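Structural overview
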Amino acid sequence: MFNYVLLLFIGFMYFMRFLTISLFNKALFLLLPFSMMACDDSPKAFSPAPLPHYRIALSEMGKDFQQEVSNMLIQQVVSGGENPTTVTVTIEQSDLLDDAVQAERSIFKLALRDGKWVIDSRINQLRCYPERGHQSFSTAPCR
């Protein structure tokens, strides 16, 4: 690093003897940003962006996930402010191609462990069509 700055300075001083005062000021103004860039030896860490929390939950839906549903609602609630530690992702599918189940809701609880988001728990709930069972979300099966 020191050698690079020294060579830059020597080259600048050699170039300076051909300049008048006004040209010297212009050259100094133009070269100053380049000399400052040479001083930045800090390593630049690159880490790929983590998957959004809802994408982690969607990937865990598996064979139960119906992509042909008419309606889908994804809700994500992050806890912990600027440095989140837990996330709740709720995926609700409605108007399913089923004669008993009107809607299905999966609630995922995610936690940050060792810099990675992992699923702590998953709860599946169903809402039945009228006369086929319960009308609110429950873990009980429809008839």
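Heads up: the structure comes first, above all this text.
Presented here is a report on the structure given in the accompanying data block. Residue numbers restart at each chain and count upward from 1, following the sequence in its written direction. It should be noted that, the model being predicted, local features are given only for residues of pLDDT at least 70 and side-chain atom pairs only at 80 or more, the latter also being counted only at that level, while totals for whole chains, interfaces and linings use all residues. As a rule here, side-chain values cover all heavy atoms of the structure and leave hydrogens and water aside.

**Section: the sheet that holds strand β2 (residues 86–94)**
Neighbouring strands of a sheet are bound in pairs by backbone hydrogen bonds; such pairs are parallel or else antiparallel. One open sheet holds the four strands; their spatial order is β1-β2-β3-β4, and the pairing between them is antiparallel. The sheet is open, and its two borders are formed by β1 (71–79) and β4 (116–128), each paired with just one other strand. The sheet shows a mean angle of 15° between the axes of neighbouring strands, taken without regard to direction. Should DSSP find at least two bridges between two strands, the strands are regarded as paired. Helical segments are the DSSP runs of H or I of at least four residues, strand segments are the runs of E of at least two, and each set is numbered from the N terminus. With nine bridges joining them, β1 and β2 adopt antiparallel strand pairing. When the bridges of β2 are listed, Asn71 appears paired with Ser94. Structural elements are reduced to axes, namely lines fitted to C-alpha atoms, with helices fitted over the stretch in contact, and the angle between N-to-C directions of any two is expressed from 0 to 180 degrees.

**Some words on the pattern of salt bridges**
Salt bridge criterion: a side-chain nitrogen from Lys or Arg within 4 Å of a carboxyl oxygen from Asp or Glu. Going through the model one piece at a time under the given rule, you end up with two salt bridges. Ionic pairing is found between Asp99 and Arg132, a salt bridge with its closest N-O pair at 3.7 Å. Within this pair, whereas Asp99 is found in the loop between β2 and β3 (101–113), its partner Arg132 is found in the segment after β4, the two being separated by 33 residues in sequence. With its nearest N and O atoms 2.5 Å apart, the salt bridge here joins Arg113 to Asp120.

On their own, these measurements won't tell you what the molecule is for.
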